[in-house]
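Observations on chain architecture
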Protein chains: 2
Amino acid sequence: MPTVGGVLETALYVEDLDRSVTFYRDLFGFEELLRDDRMAALSVAGRNVLLLFRKGGSTRPTETPGGDIPPHDGNGNLHLAFGIAAEDLEPWELFLAEKGVAIESKVQAPRGGHSLYFRDPDGHCVEVATPGLWAIY
Amino acid sequence: MPTVGGVLETALYVEDLDRSVTFYRDLFGFEELLRDDRMAALSVAGRNVLLLFRKGGSTRPTETPGGDIPPHDGNGNLHLAFGIAAEDLEPWELFLAEKGVAIESKVQAPRGGHSLYFRDPDGHCVEVATPGLWAIY
């Protein structure tokens with residue numbers, strides 16, 4: 001049985017690409033890997049890729065020289081979480097306040113990890129979490 | 001400016017939790033970290049967490065002893081990608097065929113990485129990709 005090495009790409013669907021790219025770059029410093037009218041790809045700490053797709057912009061196959069990328073699209077207020085170091089919890093709280101991003105909730109997991117929840121410009125539910133949230137983290 | 005260490009959790013919203021857990025466990029061997037009526041959490045290679053949420057099951061805050069998890073929900077055919085080793089591309093093709101999962105598209109990226117695209121039971125657009133897809137991968 002072949003294996004996978006981890007999550008490579010996670011995707012959000014957004015109303016306004018510029019607005020979302022600005023939000024994620026300003027707040028997290030993610031480097032832009034690709035940007036066109038349909039999408040943006042941001043590097044998350046050089047480990048994963050956060051894909052931002054313009055809502056409704058990928059409902060047909062995307063033709064590329066190497067083959068067609070199948071259609072996909074999404075709606076709603078999706079959830080994703082980024083890992084942070086335990087010692088960065090307070091700096092993150094201060095930084096979010098400084099950036100005018102309201103913390104919607106602070107949660108302590110049974111294993112001891114701490115999470116901060118806030119919204120991106122589309123109302124997606126973004127979490128930053130310290131170790132102690134999952135058995136593997 | 002505080003940093004993040006990577007994507008910890010990525011989420012899909014599904015019609016039938018049992019069906020989706022079975023799909024992802026059978027195909028990828030992901031270990032179950034948590035399972036209740038609302039959601040399942042699966043370990044992706046011990047590095048990331050794939051969250052499967054029952055559609056419509058998280059539209060109110062989820063009360064926990066350590067604080068309330070904010071609401072979120074999603075619709076559509078979302079996209080996510082898992083990284084695989086270059087030498088696992090052909091084994092993945094064979095394994096998908098063996099499992100009766102149709103490959104919707106095979107794509108070669110300009111940098112040389114190869115991707116296989118297929119659908120999960122909700123029509124989410126799942127990709128497995130070898131290195132050479134992004135500048136960071």
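The residue numbers shown here count from 1 along each chain, following its written sequence. Starting at A for chains and at 1 for ligands, labels are handed out in the order in which the entities are written. For this predicted model, a pLDDT threshold of at least 70 governs which residues receive local features, and a threshold of 80 or more governs which side-chain atom pairs are given and counted, while totals over whole chains, interfaces and linings are taken from all residues.

Examining the overall build of chain A
Secondary structure elements are taken from DSSP: a helix is a run of H or I of four residues or more, a strand is a run of E of two residues or more, and numbering for both begins at the N terminus. Tallying secondary structure elements over chain A gives two helices and eleven strands in all. Helices and strands in chain A line up, N terminus first, as β-α-β-β-β-β-β-β-β-α-β-β-β. Considering only C-alpha atoms, chain A reaches an extent of 45 × 45 × 25 Å along its principal axes. Residues with at least 20 neighbouring C-beta atoms inside 10 Å of their own are called buried, those with 12 or fewer are called exposed, and the rest are partly exposed, where every C-beta is derived from the backbone. The proportion of buried residues among the 137 residues of chain A is 41%. Note on contacts: each residue gets a C-beta atom placed from the backbone, and two residues are in contact if those atoms are within 7 Å. In chain A, once contacts between residues fewer than 6 apart in sequence are set aside, the share between residues at least 24 apart is 41%.

Here we look at the domain arrangement of chain A
Residues and elements named next belong to chain A. When its domains are assigned, chain A resolves into domain 1 (7-59) and domain 2 (77-137). Computed from C-alpha atoms alone, the centre-to-centre distance between domain 1 and domain 2 is 19 Å. At the interface, ten residues of domain 1 touch nine residues of domain 2. For the side of domain 1 that touches domain 2, the secondary-structure elements that each account for two or more residues are strand 1 (6-14) and helix 1 (17-28). Residue ranges assigned to each domain were obtained from an automatic or database domain assignment.

Here's the deal with the sheet that holds strand 2 (residues 31-35) of chain A
Working definition: the strands of a sheet are paired by backbone hydrogen bonds and lie parallel or antiparallel to each other. Whether two strands pair comes down to DSSP finding at least two bridges between them. With mixed pairing, the eight strands of this open sheet are ordered in space as 2(A)-3(A)-4(A)-1(A)-8(B)-11(B)-10(B)-9(B). Looking at the sheet topology across the chains shown, the edges are occupied by strand 2 of chain A together with strand 9 (105-108) of chain B. Here the strands of the sheet are splayed against their neighbours by 20° on average, with no regard to which way each runs. Both strand 9 of chain B and strand 10 (residues 114-119) of chain B contribute to a ladder of four bridges, which runs antiparallel. The residue bridging K106 of chain B from the neighbouring strand is L116 of chain B, located in strand 10 of chain B. Think of each axis as a best-fit line through the C-alpha atoms, taken over the contacting stretch in the case of a helix, with angles from 0 to 180 degrees between the N-to-C directions. Across the sheet, helix 1 of chain A lies against strand 1, strand 2, strand 3 (39-44) and strand 4 (48-54) of chain A, angled at about 155° from strand 4 of chain A, the strand it touches most. Contacts from helix 2 (residues 89-98) of chain B reach strand 10 and strand 11 (125-129) of chain B within the one sheet, and its direction differs from that of strand 10 of chain B by about 20°.

Comments concerning helix 1 (residues 17-28) of chain B
All names here are of chain B. By this rule the span expected of a helix is its residue count minus one, scaled by 1.5 Å. Taking 1.5 Å of rise per residue, the twelve residues of helix 1 would be expected to cover 16 Å, and the 16 Å separating its terminal C-alpha atoms lies within 8% of that figure. Among all positions of helix 1, only S20, F23, Y24, L27 and F28 are buried. Relative to the axis of helix 1, the buried residues are bounded by an arc of 85° and lie together on one face. Opposite its buried face, helix 1 presents the exposed residues D18, T22 and D26, each directed more than 90 degrees away. Buried residues belonging to helix 1 abut strand 1 (6-14), strand 3 (39-44) and strand 4 (48-54). Of the residues one or two after helix 1, G29 is the one with positive phi, at around 70°. As used here, the arc is the angular range of directions from the helix axis to the C-beta atoms.

A word on the relation of the copies chain A and chain B
To superpose the copies, least squares is applied to the C-alpha atoms of every residue with a pLDDT of at least 70 in both. Turning chain A through 180° and shifting it by 0.0 Å along the axis lays it on chain B, with an RMSD of 0.0 Å. Both copies are brought into coincidence by an operation consistent with a two-fold rotation axis. For chain A, the minimum C-alpha distance to the rotation axis belongs to N75 of chain A and amounts to 2.5 Å. By residue overlap, the copies meet face to face through one surface: 100% of the interface positions of chain A are interface positions in chain B.

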